[in-house]
Amino acid sequence: MLTSDFDFDLPEDRIAQQPLPRGASRLLVIEPAGHNSDRRVADLPDLLTKGDLLVLNNTKVLPARLSAWREKTGGQLEILLLEERSATEWEVMVRPARRAKPGKHYVLSDRISLEIINRGDDGKATVVFSEPIAPHLDTLGHVPLPSYIRRTDVDSDRINYQTVYASQPGAIAAPTAGLHFTNELLSRIRAAGIGIAELTLHVGAGTFRPVKVHQVADHRMDSEQFELPATTVAAIEQTRTQGGRVIAVGTTVVRALESVSLRLGGTLEAYRGSTDLFITPGFEFSVVDQLLTNFHLPRSTLLMLACAFAEKNRVLAAYEEAVKKEYRFYSYGDAMLLSRAGS
């Protein structure tokens, strides 16, 4: 497969720069027979069936974008926290990368500074802060909005770019399909006899990393930490036994569940670890029956997963339909509901 096989044209004005009120977004329901329907995310209790199970990703986005400067020259450095190595040492993404020279010191506040320890060729670097940075993120950090949202973050993004059920800090990007849910909508879903379970996958920078290779098979995914609890495994098994469907809220949930199933030969058990699973057309799904997801970037690994899940031509045709109907795209945009190919 070629990366160009997953391209599509998207007018710039279709990229959502601001969120709608939670639950107000449109929902394109992709039916297996090809008859799509235009609904609202608020319609989910009517679109799902009693006995189904909704699986959510409860990761919490860190205010992981920091600004630093050279005390003598004033040279600016933007830092995106990626992975904590110790209380003071982090792997980060830096911009502009040319300024992140080993041995250089930068200031973040009147009491906190950092030193560049090493720098890779991909914009990543290792830094050591003068004291643990985590306790200061709420005051020094910014919401790590994706680059296609062409504005600086504001206070409301700290709420809007976070799911209402976020509880496990560690992500640097939101599991955006979950941004549509309100507590009231979740209550309506439960009242309709639909189960809700959770897992944790800490979304990393790789979710936005473009596929730059010509052949899809040559792309390598970044590893992301996740945890599948025993309670969610039990809920899935009970749902299966009773003939219900498993609905993943977001591609991160799909990757977590299918990663464990792939490791265990089609079964599930509680698991804590990492995954670099790259799902492309031809992948055999064994856990997830339906997928609620936002509209993704052209040539992205997320679009490739959606195409694997619900058949490439059908998904790309739905994207074309969404463009014509002026659906809103990407993190703060509208959503689609997909059924697994062959189901």
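For clarity, every value in this text was computed on a predicted model and none was experimentally measured. (Residues numbered from 1 in each chain as written. Predicted model: local features only at pLDDT ≥ 70, side-chain atom pairs only at ≥ 80, totals over all residues. Heavy atoms only, no water.)

**Details of the overall build of the protein**
Convention followed: Comment: elements are numbered from the N terminus, with helices defined as DSSP H or I runs of at least four residues and strands as E runs of at least two. Here the globule rule reads 2.2 Å times residues to the power 0.38, and the radius of gyration is calculated from C-alpha atoms. When checking whether two residues touch, look at their non-hydrogen atoms; a contact exists if any pair is within 4.5 Å. Working definition of accessibility: Shrake-Rupley area with a 1.4 Å probe, residue cover restricted to the visible protein chains. Only four residue types enter the charge count: Lys and Arg as positive, Asp and Glu as negative, with His and the chain ends excluded. Charge positions come from single atoms, namely NZ of Lys, CZ of Arg, CG of Asp or CD of Glu.
Secondary structure assignment for the protein yields eight helices and 17 strands. Taking 2.2 N^0.38 as the reference for a compact globule, 343 residues should give roughly 20 Å; the C-alpha atoms of the protein span a radius of gyration of 20 Å, in line with that estimate. Expressed along its principal axes, the backbone C-alpha trace of the protein runs to roughly 65 × 40 × 40 Å. Within the protein, contacts between residues at least 6 apart in sequence are counted, and of these 70% link residues at least 24 apart. Looking at the protein as shown, the accessible area adds up to about 15,400 Å², and 48% of this sits on carbon and sulfur atoms. Side chains of the protein carry 39 positive and 42 negative charges; the gap between the two charge centres is 3 Å.

**Describing the pattern of salt bridges**
Two side chains with opposite charge may pair up if their charged atoms get near one another. To keep it simple, the criterion reads: We define a salt bridge as a contact between a side-chain nitrogen of Lys or Arg and a carboxyl oxygen of Asp or Glu at a distance within 4 Å.
With the rule as written, the count across this model stands at 17 salt bridges. Because the salt bridges share partners, they merge into one network encompassing Asp38, Glu321 and Lys325.

**Some points on unusual backbone geometry**
So the rule is basically this: Throughout this description, buried means an accessible area under 20% of the type-specific maximum (1.4 Å probe, protein chains only), exposed means over 50%, and partly exposed covers the range between.
Cis geometry marks the peptide bond from Arg95 to Pro96; its omega dihedral reads -5°. With respect to the helices and strands, Pro96 occurs in the loop between β7 (89-95) and β8 (105-107). The residue Glu311 is not glycine, and still its phi comes out positive at about 85°. Mapped onto the fold, Glu311 is located in the loop between α7 (301-310) and α8 (312-324). Since its relative accessible area comes to 35%, Glu311 is described here as partly exposed. Residue Glu326 is not a glycine yet carries a positive backbone phi of 60°. Relative to the helices and strands, Glu326 is located in the loop between α8 and β17 (335-339).

**A word on the environment of Tyr271**
Tracing the sequence through the fold places Tyr271 in strand β15 (residues 271-275). By relative accessible area, Tyr271 is classed as partly exposed at 25%. Residues Tyr271 and Ser259, spaced 12 residues apart in sequence, show a C-alpha to C-alpha distance of 9.9 Å. If sequence neighbours within four positions are ignored, Tyr271 has contacts with Phe226, Glu227, Leu228, Val260 and Arg263.

**Some details on the pairing of strand β9 (residues 113-119)**
Two faces, one strand: in a regular strand the side chains alternate between the faces of the sheet. Stated precisely, the cut-off is as follows: Strands are labelled as partners when DSSP assigns at least two bridges between them.
Pairing of β8 with β9, which is carried by three bridges, proceeds in the antiparallel orientation. If you follow Val107 over to β9, its bridge partner there is Ser113. Counting the residues in the hairpin turn of β8 and β9 gives five residues. As paired strands, β9 and strand β10 (residues 124-129) are joined by five bridges and run antiparallel to one another. Within β10, the residue paired with Arg119 across the bridge is Ala125.

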